[in-house]
Amino acid sequence: MSAVEQQPADASLSSNSSSSFEVVEADAANKYEAVVPHWFYCKVTDSRERWIPFSTQDSEKLEAAQKMRKDDEELVVPISGGRYDVHLKQRQCYAVYWEEEVSEVRRCTWFYKGEKDNKYVPYSESFSEELEEAYMIAVTLDEWKKKLESPNREIIILHNPKLMVHYHPVTVSDDWGSSSAEQGRPRTVKRGVENISVDIHSGEPEQIDHLVFVVHGIGPACDIRFRSIIQCVNDFRAVSLSMLQAHFRKAQEQQQIGRVEFLPVNWHSRLHSTGVDVDLERITLPSINRLRHFINDTILDVFFYNSATYCQTIVDTVASEMNRLYLLFLQRNPDYKGGVSIAGHSLGSLILFDLLTNQKASSEDEDGKEKSSQMGASRGADASGVKEILEKLELSEYSTVFEKEKMDRQALLLCTEQNLKDMGIPLGPRMKILHYISSERETQVSANYPQLIYKPAIFFAFGSPIGMFLTVRGVKRIDPSYSLPTCKGFFNIFHPFDPVAYRIEPMIVPDVEFEPMLLPHHKGRKRMHLELKEGLTRMSMDLKNNLLGSLRVAWQSFTRAPLPAVEAASTESEVKPNEPPAAAAAAKEEASPINVGMLNGGHRIDYVLQEKPIESFNEYLFALQGHLCYWESEDTVLLVLKEIYQTQGIMLDQPLQ
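Residues numbered from 1 in each chain as written. Predicted model: local features only at pLDDT ≥ 70, side-chain atom pairs only at ≥ 80, totals over all residues. Heavy atoms only, no water.

1. Re the overall build of the protein
Stated formally: In DSSP terms, a helix is any run of H or I states spanning at least four residues, a strand is any run of E spanning at least two, and both are numbered starting from the N terminus. Between two residues, a contact is recorded if the distance between any of their heavy atoms is within 4.5 Å.
Of regular secondary structure, the protein possesses 24 helices and 19 strands. Long-range pairs, those at least 24 residues apart, make up 70% of the contacts in the protein between residues at least 6 apart in sequence.

2. Here we look at the sheet that holds strand β3 (residues 76-79)
Keep this limit in mind: By the convention used here, strands pair only if DSSP detects at least 2 bridges between them. Axis geometry follows a simple rule: fit a line to the C-alpha atoms, using only the stretch in contact for helices, then measure angles between N-to-C directions, giving values from 0 to 180 degrees.
The strand order across the open sheet built from 6 strands is β2-β1-β6-β5-β4-β3, with neighbouring strands paired in antiparallel fashion. Edge strands, defined here as strands with exactly one partner in the open sheet, are β2 (48-53) and β3. Pairs of neighbouring strands in the sheet enclose a mean axial angle of 30°, with direction left out of account. In the sheet, strand β4 (residues 84-87) pairs with strand β5 (residues 92-95) via 4 bridges, with the strands oriented antiparallel. Its bridge partner lying in β5, Asp-85 is registered against Tyr-94.

3. A closer look at helix α2 (residues 56-68)
Applied cut-off: Working rule for helices: expected span equals 1.5 Å times residues minus one. Throughout this description, buried means an accessible area under 20% of the type-specific maximum (1.4 Å probe, protein chains only), exposed means over 50%, and partly exposed covers the range between. In this description, the arc belongs to the directions extending from the helix axis to the C-beta atoms.
In this model, α2 (13 residues) spans 19 Å end to end at C-alpha, consistent with the 18 Å of a helix rising 1.5 Å per residue. Every buried residue of α2 is listed here: Asp-58, Ser-59, Leu-62, Glu-63, Ala-65 and Gln-66. Down the axis of α2, the sector holding all buried residues measures 165°, keeping them to one side. Exposed and oriented more than 90 degrees from the buried face of α2 are Glu-60, Lys-67 and Met-68.

4. Observations regarding the packing of aromatic side chains
Keep this limit in mind: Classification of ring pairs uses Phe, Tyr and Trp, with its six-membered ring standing for Trp, and accepts pairs whose centres are within 6.5 Å; under 30 degrees between planes counts as stacked, over 60 as edge-to-face, and the remaining range as tilted. Put simply, a charge is over a ring when the Lys NZ or the Arg CZ is close to the ring centre, within 6 Å, and near the line of the ring normal, within 35 degrees.
Under the counting rule described, the total for this entry stands at 21 aromatic pairs. Both rings, one in Phe-248 and one in Tyr-645, keep their centres 5.3 Å apart while their planes meet at 45°; by these two values the pair is tilted. Of the two residues, Phe-248 is situated in the loop between α4 (229-247) and α5 (249-253) and Tyr-645 in helix α24 (residues 634-646); the sequence distance between them amounts to 397 residues. The buried category is assigned to Tyr-645, whose relative accessible area is 0%. Site record: aromatic cluster; members linked through ring pairs are Phe-236, Phe-262, Phe-462, Tyr-630 and Trp-631. Its guanidinium or amino end placed over the ring of Phe-514, Arg-503 lies 5.3 Å from that ring's centre, counting from NZ or CZ.

5. Notes on the environment of Ser-80
Residue position: Ser-80 is located in the loop between β3 and β4. Separated by 22 residues in the primary sequence, Ser-80 and Asp-58 have C-alpha atoms spaced 7.0 Å apart. Excluding its chain neighbours within four sequence positions, the residues that come into contact with Ser-80 are Asp-58 and Glu-204.

6. As for a nonpolar patch on the surface
Stated formally: Nonpolar side chains (Val, Leu, Ile, Met, Phe, Trp, Tyr) are joined into patches within 5 Å and like charges within 9 Å, using only residues with over 30% relative accessible area and no salt bridge. For the accessible areas, the method is Shrake-Rupley and the probe is 1.4 Å, while residue cover comes only from the protein chains on display. Salt bridge, as used here, is a side-chain nitrogen of Lys or Arg placed within 4 Å of a carboxyl oxygen of Asp or Glu.
Nonpolar side chains collect at one region of the surface, where Phe-226, Ile-288, Leu-291, Phe-294, Ile-295, Ile-299 and Phe-303 lie side by side and expose about 720 Å² of accessible area between them. Here the nonpolar patch gets 3 residues from one element, more than from any other, and that element is helix α8 (residues 289-297). Structurally, Phe-303 can be placed in helix α9 (residues 300-305). A relative accessible area of 55% means that Phe-303 is categorised as exposed.

7. Observations regarding the packing of helix α10 (residues 308-332) against helix α11 (residues 347-357)
For the record, the criterion: Angles below 35 degrees are treated as roughly parallel, those above 145 as roughly antiparallel, those between 65 and 115 as roughly perpendicular, and all remaining angles as oblique. Just so you know the grouping, Ala, Val, Leu, Ile, Met, Phe, Trp, Tyr, Cys and Pro go in nonpolar, Asp, Glu, Lys and Arg go in charged, and all remaining residues, Gly too, go in polar.
Contact geometry of α10 with α11 gives a least axis separation of 10 Å together with a crossing angle of 80°. Classed by the angle they form, the pair α10 and α11 counts as roughly perpendicular. For the pair formed by α10 and α11, the contact residues are Ile-314, Val-315, Val-318, Ala-319 and Met-322 on the first element and Ile-351, Leu-352 and Leu-355 on the second. Residues belonging to the contact of α10 with α11 are distributed by class as follows: 8 nonpolar, no polar and no charged.

8. Re the state of the cysteines
Stated precisely, the cut-off is as follows: Two cysteine sulfur atoms form a disulfide, by the criterion used here, when they sit within 2.5 Å.
Inspection of every chain in the model, using the stated rule, returns 0 disulfides. Of all cysteine sulfurs in the structure, the one in Cys-108 sits closest to Cys-42, which takes part in no disulfide; the separation is 10.0 Å.

9. Some points on the pattern of salt bridges
With the rule as written, the count across this model stands at 26 salt bridges. Arg-259 is paired through a salt bridge with Glu-204; the nearest N and O atoms lie 3.3 Å apart. Of the two residues, Arg-259 sits in strand β14 (residues 259-265) while Glu-204 sits in the loop between β12 (179-191) and β13 (208-215), which places them 55 residues apart along the sequence. For the pair shown, Arg-259 and Glu-204 are each scored as buried. Because the salt bridges share partners, they merge into one network encompassing Arg-83, Glu-204, Arg-237, Arg-259 and Glu-261.

10. Points about the sheet that holds β13
Taken together, 7 strands build an open sheet; the order of strands is β14-β13-β15-β16-β17-β19-β18 and the sheet is parallel. Every interior strand has two partners, whereas the edge strands, β14 and β18 (517-518), have only one. Across 6 bridges, the pairing between β13 and strand β15 (residues 339-345) is parallel. Counterpart to Phe-213 in the pairing with β15 is Ile-342. Contacting β13, β14 and β15, α10 crosses the sheet at an angle of about 160° to β13.

11. Observations concerning the pairing of β5
Looking down a regular strand, the side chains alternate between one sheet face and the other. Connecting β4 to the next strand, β5, in antiparallel fashion are 4 residues, including Arg-91 with a positive phi near 55°. The sheet contact formed by β5 and strand β6 (residues 103-108) spans 2 bridges and is antiparallel. Along β6, the bridge assignment pairs Gln-92 with Glu-104.

12. Quick notes on the confidence of the model for the protein
The following threshold applies: Summary of the metric used: pLDDT quantifies the predictor's per-residue confidence within the range 0 to 100.
On average, the protein scores 82 in pLDDT, and the residues at 70 or more come to 78%. Counting interchain partners and residues more than four positions distant, the pLDDT-below-50 stretch residues 366-374 has 15 contacts.

13. A closer look at the side chain of Thr-486
Note that Thr-486 resides in the loop between α18 (466-472) and β17 (489-494). The class of Thr-486 is buried, set by a relative accessible area of 12%. Among all residues touching Thr-486, those that are not within four sequence positions of it are Leu-356, Gln-359, Lys-360, Ala-361, Lys-455 and Pro-456.

14. Considering the environment of Ser-150
Structurally, Ser-150 is set in the loop between β9 (146-149) and β10 (155-160). Not counting residues up to four positions away in its chain, the partners in contact with Ser-150 are Phe-127 and Ile-156.

The structure is reproduced here in structure tokens:
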């Protein structure tokens, strides 16, 4: 009896335990976990919206600020390395250093697939909260097939956790003109950013080691895709971050370095806002309208810079903009102790070169630079005053006359013969002064070059026509002892097929022919097609030398008596010099390095990139690309980083060969 009674008791126990396990499994299945939000911003291009995720670092920063923010409080959060500010209350993102359209910012949790490009679009924050609440109820109660209607009268159905669809109503008209709404093609709905295919970067190091201002060349577009200087510098900055991770990993792991900040400097918009475009429009012919508009907007910038009126506008804009950016950067980064460098592309490099040439050296630097020769006739506008000019012309006795008239160098260059005669300057000294003025006007555009409020450490020129412009200005040679008054470093970087780029070193060492420094590939060694070309050239030279040597020995054996000692001596003396010419030249070059002057502190100035294999097939086809390739060139960026960090005593993990 007890056994019979015990059996139902065991059965009831087992049934209770199984039901409890089912409850546990159901609870585990119905357990709700809150969605993790990610912040996005909206970019509008050609009237099309594109939602782009912030980096993980910036998104977490915005989310933390959002949780701390009170209802009506306006919090401003710096993001993207401090280049943008997000106003949380307004949900808007503003550029800090340049003018840019304000972007909408959104805290995103739910997404649906777009109609045209199959990219996911976030729902509004309010509707995402409704979707999340419906999802929570469905998961908790295990009741699906939930149907919601969006503010745009669109239907969202939650079938199960892995199948949620969005129906966009389509209006259909019948033959009688009446219209009815039908459900269109369903679109996929996703919950959480981890369930959609989108690239999210981790973020940038907070520490900034160096600041680089980048000045663009002619026109508003800076690359083959007609992008602005802002977009191109963004690419340059992104490449620099990847190069830091690849080649400065040890220094990063030891927290010795952070990153280099690159800021664009735009002068084109200021120049073309002076009303010159309206004047040009009146005189432009109506034919081939697009080509003429392109020329007015780009090529004419070169002529503007050679005009005294517009040259002043350009140099004022570039200098004032770099000074403004520098002060704003220090204001936002009060603990910054790093240096500043500048980089210019195309015409921008010439503008920077003229600015740097005309900077005033500080009192402690002037003693060292006083004996330094000037670079032909293109020299500092205010580095030497009127008194120094008169001393050079051996007219020091007239300095008091010019001081009485409060004459500076800029005013001196504007003097006419009548002005000098009215000042009481005799004919002979007058002719000397007029000759000096005419030579200055021929070699450099007369402008009052403003001063920078900092000393650049290094000047990088990309695809630069500096050498050509100096030659056209009448500067045939740069004195080897010449250096820029306030900048110690100067690198002239160019692509071998760049039609705008010119060399600098032959102007310093005109009597010696030598190649520019070949920039190593960022992955090490030369590109394979260049190594193959050099190998074949070396092989053909060796075959030629060996063949000529063998023929010479054979001919001598036929024409001379076989005297072993004489033959051995002649063979050794005549064949040996021809045998290893490349090795002898290389040894000689290593023994006596080329002196390229002090423009780059005694180091090499010209650096040439390695062309890609496809570019070597046709130089003319890739000429334009060669002039616009620097923004995404890993080799260019790596050289910039290497030289900047070398000034701080930090080297590459492994030297490139």
